[in-house]
Amino acid sequence: MTAICAGVLALQGSVEPHLRALSRAGVDPIELRRPDQLDQITHLVLPGGESTTLHHLLELHSLSSEIPQRVEAGDLALLGTCAGAILMGRECQESPPRWNLIDVEFQRNGYGRQVHSFIEPIEWIAGPGPGASEGIFIRAPRIGQLSPPVEVIATLGTEAVAVRQERCVACTFHPELTEDDRLHRWFLSL
Ligand code: GLN
């Protein structure tokens, strides 16, 4: 069995809260900024922030092809939140380019602008669930059409807000900004 080694992409956005959540979940995560660091890890978190900026920084740091390649090769599990989730989704008309790792269309700012950010309880229906949790939605993307093998793991009312496809997990809200580490703990088990 491979030992679990986790990292957080540390180029932009909500990096520190994910590092703290992973530490609480029992690992000692690295801050990832270079392709060679990918050799050290089995699990990577792509934090929220701004997906176009994240895309440009990934290109600058020669990580934009390396990360999806390792996921496709089965060497890396990936958890993307908000802007991170957007990158993992299905290619569509919107920028930035998507990685096609999860067969879901993420519509950027799908609930409205910054002033329409909100906190609502979400329900884990698979993955780390069952149970409720606080869902912090900050200029969150909205999940559009989805098809198998995508599994819905959390809902807000009748809408999917977190999904999983194999070892890829995408979440449109910010679990790292709460004290609830269930998603991080479950992710490390994938
Ligand atoms: N709206 C942002 C984007 O499109 C994502 C916001 C977030 O990560 N909280 O990239």
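Scroll up a little and you will see the structure.
The structure reproduced in this document is the subject of the present report.

Calculation rules
Residues numbered from 1 in each chain as written. Predicted model: local features only at pLDDT ≥ 70, side-chain atom pairs only at ≥ 80, totals over all residues. Heavy atoms only, no water. Helix = DSSP H or I, 4+ residues; strand = E, 2+ residues; numbered from the N terminus. Rg over C-alpha atoms; globule rule 2.2 N^0.38 Å. Buried < 20%, exposed > 50% of the residue type's maximum accessible area, 1.4 Å probe, protein only. Areas by Shrake-Rupley, 256 points an atom, 1.4 Å probe, with all protein chains shown as cover. Lys, Arg positive; Asp, Glu negative; His and termini not counted. Charge placed at Lys NZ, Arg CZ, Asp CG, Glu CD. Pairing = 2+ DSSP bridges. Right-handed = clockwise from strand over helix to strand, strands pointing away. Near = heavy atom within 4 Å. Polar contact = N/O pair within 3.5 Å; in protein donor to acceptor, adjacent residues only side chain to side chain. Nonpolar A, V, L, I, M, F, W, Y, C, P; charged D, E, K, R; others polar. Arc of directions from axis to C-beta. Contact = heavy atoms within 4.5 Å.

### Observations regarding the overall build of the protein chain
Okay, so step 1: Each helix and strand counted, the protein chain has five helices and 11 strands in total.
Okay, so step 2: The C-alpha atoms of the protein chain give a radius of gyration of 15 Å, which matches the 16 Å a tight globule of 190 residues would have.
Okay, so step 3: Taking the principal axes of its C-alpha atoms as reference, the protein chain extends roughly 40 × 35 × 30 Å.
Okay, so step 4: Classification of the 190 residues of the protein chain by burial places 55% in the buried group.
Okay, so step 5: Just so you have it, the protein chain exposes about 8,400 Å², and 49% of that area is on carbon and sulfur atoms.
Okay, so step 6: Here the protein chain contributes 15 positively and 24 negatively charged side chains, and the mean placements of these two sets differ by 3 Å.

### Examining the pairing of strand β1 (residues 6–9)
Side chains on a regular strand alternate between the two faces of the sheet.
Okay, so step 1: Alternating positions in β1 separate into two faces, A6 and V8 on one and G7 and L9 on the other, with burial throughout.
Okay, so step 2: With three bridges joining them, β1 and strand β3 (residues 43–46) adopt parallel strand pairing. Pairing of G7 across the sheet is with L44, part of β3.
Okay, so step 3: Two strands pair when backbone bridges link them, and β1 and strand β2 (residues 30–32) are joined in this way by three bridges, in the parallel orientation. Looking across to β2, one finds that L9 is bridged to L32.
Okay, so step 4: Considered for its hand, the β-α-β crossover made up of β1, helix α1 (residues 15–24) and β2 is right-handed.

### Structural notes on the site of the ligand
Okay, so step 1: Taken together, the residues surrounding the ligand are G48, G49, E50, S51, C82, A83, I86, R108, N109, I138, R139 and H174.
Okay, so step 2: S51 has a polar backbone atom sitting 2.6 Å from an oxygen atom of the ligand.
Okay, so step 3: Between the ligand and N109 there is a distance of 2.6 Å, counted from a nitrogen atom to a side-chain nitrogen or oxygen.
Okay, so step 4: In isolation the ligand exposes 300 Å². Once the protein is present, 97% of that is buried.
Okay, so step 5: In the shell around the ligand, the residues fall into four nonpolar, five polar and three charged.

### What about helix α2 (residues 51–60)?
Okay, so step 1: Three or more residues of α2 are buried, namely S51, L54, H55 and L58. Considered in projection along α2, the buried side chains sweep an arc of 100° and stay on one side of the axis.
Okay, so step 2: Against β1, α3 (66–72) and α4 (83–88) lie the buried residues of α2.
Okay, so step 3: The opening residue of α2 is E50, an N-cap whose side-chain oxygen sits 3.1 Å from the backbone nitrogen of T52.
Okay, so step 4: Immediately downstream of α2, the backbone of S62 shows phi near 55°, a positive value.

Note that every value here comes from positions in space, so none of it alone points to a role or purpose.
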